[in-house]
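# Chain and residue survey
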Amino acid sequence: MRRERVSRRAFLQTAGAVAALGALPAIGRAQAKEVKLGYILPMTGPLAFEAQLSLNGLQLALDEVNNAGGIKSLEGAKLTLLPGDTQQKVELGNSEAARLIDQGVSALIGPFSSLVAYSVRQVTEKNRTPFMLLAAVADNLTEGGLRYVFRVQPNGKAMSTLTMNNMIEMAKAAGVAIKRVAMMHEDGNFGTTMGNHVESFAGKLGYTLVQRIPYNLKSPDFTAELSKVKAAKPDLLVISGYYGDSKIIAETAAKLRIGVHALVGLANAAYSNPKFIADNRELTDNLFDGNYWHNPQSPRAKAVFDAYQKRFNATLTSHGVQAYTVIGVLRDALERAASTDRDKLRDAIARTNLADHILPQDAIKFDDTGENANASPALLQVQNGRPVVVGPARFAEAKPVFPVPKWHG
Amino acid sequence: MAAEAWAGLALALLLAAPPFLPPYFLEILISVMLFGYLGAAWNILGGYAGQFSFGHAAYFGIGAYTSTLLFLRLGITPWLGMVAGGVLAAAFGLFAGYLSFRYGLRGPYFSLVTLAFAEMLRVVAVNTKAAGSSLGLVIPTRTPAPLDFVFAGKLPYYYVILAMAVGAVWITRRLERSKLGYSLRAIRENEDAAEAAGVDALGMKLRAMAASSFLTALGGTFYAQYFAYIDPTITFGPAVSIQGLLQAIVGGAGTVLGPLLGSFVLTPLSELSRAALRGRAGVDVMVYGLVLMLVISFLPQGLMGALRRRPRPS
Amino acid sequence: MTGDLLLQAAVSGFLLGGVYGLVASGLSLIFGVLRIINFAHGAVMMLGMYAAYWLFTLLGVDPYLCVLITGPAFFALGMVVQRVVIEPNRRAAEHNQLLLTLGLALFLENLALVLWQGDFRTVRPAYAGASFVIGDALVEVPRLVACAGAVVMALALFAFLRLTDVGKAIRALSEEPEGAMLMGIDVRRIRAVAFGIGAGCVAVAGALVTPFFYVAPDVGESFNIMAFVVVVLGGMGNFVGALAGGFIVGLAESLGATLLPGSLKQLVVFALFVLVLLFRPAGLFGGGHGR
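Residues numbered from 1 in each chain as written. Chains lettered and ligands numbered in written order. Predicted model: local features only at pLDDT ≥ 70, side-chain atom pairs only at ≥ 80, totals over all residues. Heavy atoms only, no water.

## Some remarks on the overall build of chain C
- Helix and strand counts for chain C come out as 11 helices and two strands.
- Counting from the amino terminus, helix and strand elements in chain C follow one another as α-α-α-α-β-β-α-α-α-α-α-α-α.
- Expected size for 291 residues packed as a compact globule is a radius of gyration near 19 Å; at 19 Å, chain C falls within 12% of this value.
- Considering only C-alpha atoms, chain C reaches an extent of 60 × 50 × 35 Å along its principal axes.
- Sorting the 291 residues of chain C into buried and exposed places 61% on the buried side.
- In chain C, the proportion of contacts linking residues at least 24 apart, taken out of those at least 6 apart, comes to 77%. (Helix = DSSP H or I, 4+ residues; strand = E, 2+ residues; numbered from the N terminus. Rg over C-alpha atoms; globule rule 2.2 N^0.38 Å. Buried < 20%, exposed > 50% of the residue type's maximum accessible area, 1.4 Å probe, protein only. Contact = heavy atoms within 4.5 Å.)

## What about helix H12 (residues 299-312) of chain A?
Residues and elements named next belong to chain A.
- The end-to-end C-alpha distance of H12 is 20 Å, a good match for the 20 Å that 14 residues give at a rise of 1.5 Å each.
- Taken together, the buried positions of H12 are occupied by Ala301, Val304, Phe305, Tyr308 and Phe312. Projected down its long axis, H12 shows its buried positions confined to an angular sector of 100 degrees, all on one face. When the buried face of H12 is taken as reference, the exposed residues oriented beyond 90 degrees from it are Pro299, Lys302 and Lys310.
- Once H12 ends, the next one or two residues include Asn313, with phi positive near 55 degrees. (Expected span 1.5 Å × (residues − 1). Arc of directions from axis to C-beta.)

## Some points on the interface of chain B and chain C
- Taken residue by residue, the interface counts 42 residues in chain B and 42 residues in chain C.
- With both chains or domains summed, chain B and chain C bury close to 3700 Å², and 78% of this area falls on carbon and sulfur atoms.
- Seen at the junction of chain B and chain C, the total is zero salt bridges.
- Inspection of the chain B/chain C interface yields four residue pairs in polar contact (both at pLDDT 80 or more).
- Elements represented by at least two residues in the side of chain B that touches chain C include exactly helix H4 (78-102), helix H5 (107-126), helix H11 (238-251) and helix H13 (283-298) of chain B.
- A per-element tally of the side of chain B that touches chain C places H5(B) first, with 15 residues.
- By residue class, the composition of the side of chain B that touches chain C is 30 nonpolar, eight polar and four charged. (Buried area = accessible area lost by both parts, 1.4 Å probe. Salt bridge = Lys/Arg side-chain N within 4 Å of Asp/Glu carboxyl O. Polar contact = N/O pair within 3.5 Å; in protein donor to acceptor, adjacent residues only side chain to side chain. Nonpolar A, V, L, I, M, F, W, Y, C, P; charged D, E, K, R; others polar.)

## Details of the interface of chain A and chain B
- In this assembly, 19 residues from chain A lie in contact with 17 residues from chain B.
- Across the chain A to chain B interface the summed buried area is about 1600 Å²; carbon plus sulfur atoms make up 54%.
- Our enumeration of links across chain A and chain B arrives at zero salt bridges.
- Across the chain A-chain B interface, the total number found is one residue pair in polar contact (both at pLDDT 80 or more).
- Elements represented by at least two residues in the side of chain A that touches chain B include exactly helix H3 (90-102), helix H4 (114-126) and helix H6 (189-200) of chain A.
- Per-element tally for the side of chain A that touches chain B: the top contributor is H6(A), with four residues.
- Split into classes, the residues belonging to the side of chain A that touches chain B amount to four nonpolar, nine polar and six charged.

## Details of the pattern of salt bridges
- Inspection of the entire model under this criterion finds 33 salt bridges over all chains.
- We note a salt bridge from Arg191(C) to Glu87(C), for which the minimum N-O separation is 2.7 Å. In this pair, Arg191(C) sits in helix H8 (residues 187-209) while Glu87(C) sits in the loop between helix H3 (63-86) and helix H4 (94-116), placing the two residues 104 residues apart along the sequence.
- Several salt bridges converge on common partners, so that one network encompasses Asp221(A), Glu251(A), Lys255(A), Arg124(C), Glu140(C) and Arg143(C).

## With respect to the nonpolar core
- Membership of the largest hydrophobic core comes to 253 residues, with the highest contact counts inside it found for Leu237(A), Leu263(A), Phe288(A), Phe402(A) and Phe222(B).
- Counting residues per element, this core draws most heavily on H8(C), which supplies 15 residues.
- One finds Leu79(A), Ala301(A), Tyr324(A) and Ala337(A) within the second-largest nonpolar core, a separate group that totals 49 residues. (Core = buried A, V, L, I, M, F, W, Y, C linked by side-chain atoms within 4.5 Å.)

## Here's the deal with H13(B)
- With 16 residues, H13(B) ought to run about 22 Å at 1.5 Å a step, and its terminal C-alpha atoms sit 22 Å apart, in line with that.
- Within H13(B) the residues assigned to the buried category are Val283(B), Asp284(B), Met286(B), Tyr288(B), Gly289(B), Leu292(B), Met293(B), Val295(B) and Ile296(B).
- Summarising the contacts, the buried residues of H13(B) are in contact with H11 and helix H12 (258-276) of chain B together with H3 and H4 of chain C.

## Re the sheet that holds strand S12 (residues 386-391) of chain A
Residue and element names in this part refer to chain A.
- Read across the open sheet, the seven strands follow the order S7-S6-S8-S9-S10-S11-S12; overall the sheet is mixed. Edge positions in the sheet fall to strand S7 (208-215) and S12, since each of these pairs with one other strand and no more. Pairs of neighbouring strands in the sheet enclose a mean axial angle of 25 degrees, with direction left out of account.
- When strand S11 (residues 378-383) meets S12, the two strands line up antiparallel, connected through five bridges. The partner of Gln381 across the bridge, within S12, is Val388.
- With respect to the sheet, helix H5 (residues 156-173) is in contact with strand S6 (180-186), strand S8 (236-240), strand S9 (262-266), strand S10 (288-291) and S11, its orientation differing from that of S9 by roughly 160 degrees. (Pairing = 2+ DSSP bridges. Axes fitted to C-alpha atoms, helices over the stretch in contact; angles between N-to-C directions.)

## A look at the pairing of S9(A)
All names here are of chain A.
- Most of S9 is tucked away: five of the five residues are buried.
- Taking every second residue as pointing to the same face, both faces of S9 are buried, with Ala262, Val264 and Leu266 on one and Leu263 and Gly265 on the other.
- The pairing of S9 with S10 spans three bridges and is classified as parallel. Pairing of Leu266 across the sheet is with Gly290, part of S10.

Quick look at the structure:
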């Protein structure tokens, strides 16, 4: 239903623009244009819910820009959003991208699945269309010298190394050295990627990975795995997992008195998930999670949250935050490019230096592979039934509780 | 019109029409051909020999990983890698088959052991870093190189899989009319009686297994080259096993055209239901499961069986 | 150090094994009487877990108590499904019946997805956090209760099969199908009852597991494949064997997790599975329908 509303809105906006063009007398002044942006998301299929959250974020940002007068350097051109549905399939991702490019979008946003992104980025590169990645986490998406791919959110490497660094810094501030780290991760693509990074950066970050255990996420019991972890006497246990498995691990680890200073999620689907926390109050207390988040100190962030709540009657999630930010980056680039030409837009994006955003990081700048050079996950901790940002220090909204007593024997 | 005439007409269409098809339809057609091919390969062991394998993903995965690893690590063209994969898969099939048949596993027990073998290979692949573990293997995009099984556009891939599917059908037809075919049918109907009549059941079943696993592995290589990405779940997961056998059963196990016919019906059906039943996740698969139950209940001989029951003009 | 790890593995493996045993008993019963491998078994367990979740969330019924409701309810539902879906195909080829249950599994799993979406739900009653220690080994109370409940349920099932007329009829049909018919047993009704009992057992197992697990449409998969392994180990149609087999598989899995790196513990279970299938297809304890 919501999807239809969006499409109708996009249609009306376009129709309105066309009608306006026809109605204005020709006075030798450049007419107000529109800037077409396209998105490709898995609007149907298992990720439909998350895709809708992203779309909401895009829509919120878009309307904000348009209501504030559109793109000033293009005489107030309004942004329009053209839809595309990938159903999480590579072939559809490619064909939808091709279709939107044909329809004249200045930039493409999407596509969630890294597998789809890997293929679509060739389509966008061939057609010289800026491709703003959304939710796709695979590191190799920006490899290969492509010029038209950009990613605002932290990639897998940034997520893992910065989270580990944040924990180590935080521990240092509490007078605790992190020398021994254990990691459990689900044995699929997501967990293995995180595990590989945590392992390869061990030396550089000053810890030894004393135990690394990939596990089958469908398993109903992790007691044996956690006993192995306990026997290795780590300072921290890092967990990259999904909802159910992360729950069982936290539960059993607490009962085993696993002896770590803290349990740290790494892009964990559960530990900073408000629903998970609400359902498991006592269990989730003081769990850490390094994850995508917004900047809680930013007054603009608060305004965005309120606007989202008012419009969609729900709390803004990280999906929406990332999508909202992507539009912000595009708006800024369009202003500087003063053109809807894709190449000019691409160059403007590459030169981005945007401080006015709601992410927990410094200015958004892209390196020469298209990654957001300052991308930073937030370090969250569950306190009093809420996930709060406790790091990096300059974005923190609360002091961390560290070490966490309940994990100790 | 006789079945041969229909098949001939269909083949002519399949050869001539695709260059004019919109890309989305061509993609579906390629899927239809691939699943039909896998069904035909499965059919040799499952339909003709009556040994119902639930783990053909094992051979699919061996084919995909062998040719891809040879290509990525040693630069060997997948055309050759394909054959290597097929040989390895056949070897594994003979190993698994020998163990199972020698120890007298039949019916559901055989099905379960094949399922176990496929799952074991999947777990090994997940835990083997040299094969990419869960991150899988990517065939990096590249300029088209037909000698390396890399083409520009989809059409060449289509003709490759069409050729493979037609080849599989032809092999099945030859098999059906051969001594091996008769032996297999006897074994399928009543293995003990066949043995008593002097048929070397073990030897015959192993031959069927070798052929079936070899062909399935070739399909794995095709998949790897066409989609340019493989991982343990895509290749060794139960979905692949089920896809192959479904086409054959629904189309008509133990018939030459059954698997392809089954794929022509099932593949577009799942596409259509996905497109038509957008909105809530899961509705399309729910309908698919329901349709499957109905087809099994009312067309136990599959579509070919239903077609054959129609009275013919004399 | 290793001694501690092995003791822990033994304890937690044993506890989980009890649940595997209960799930497998239902499956074994269905196979013994109906001679079909029920691929939808895990899906029924999943529905049993959703039932426990809704009863807890909407009416505050404790999951352990809700088995008194869900057990009989799923028994009835199982009988209906058997009559409507499976019985008409009774004479179909074995592989067709297999695919039938597969289609049923797909249908049920996605029905849950459509009705309740894919997000995970948890049932966390007050005692979920309770645990104690035996020596150096952790025992989580919810898992202990699940194991005990499973054993009680399985023993009740055996008593039923041994002592009641219906139970004896079921055993007769399982061991000697033609003879049973000649004895005047209403085989159609018995088949429905057997499937119903299987469904009821697995729904109860689901409710027992919810306090320490989670609820989602694909949650049955975790137990489905294990159930097959256990049934083969215990001997298809050997109900006591299924319970014993459950413990063995639970232990094997847990020991595999302790001794092997990575996620290779699954390999141990499958290897055991293949070995038993090849060398003792009648099950470790015999008494099953071999080959």
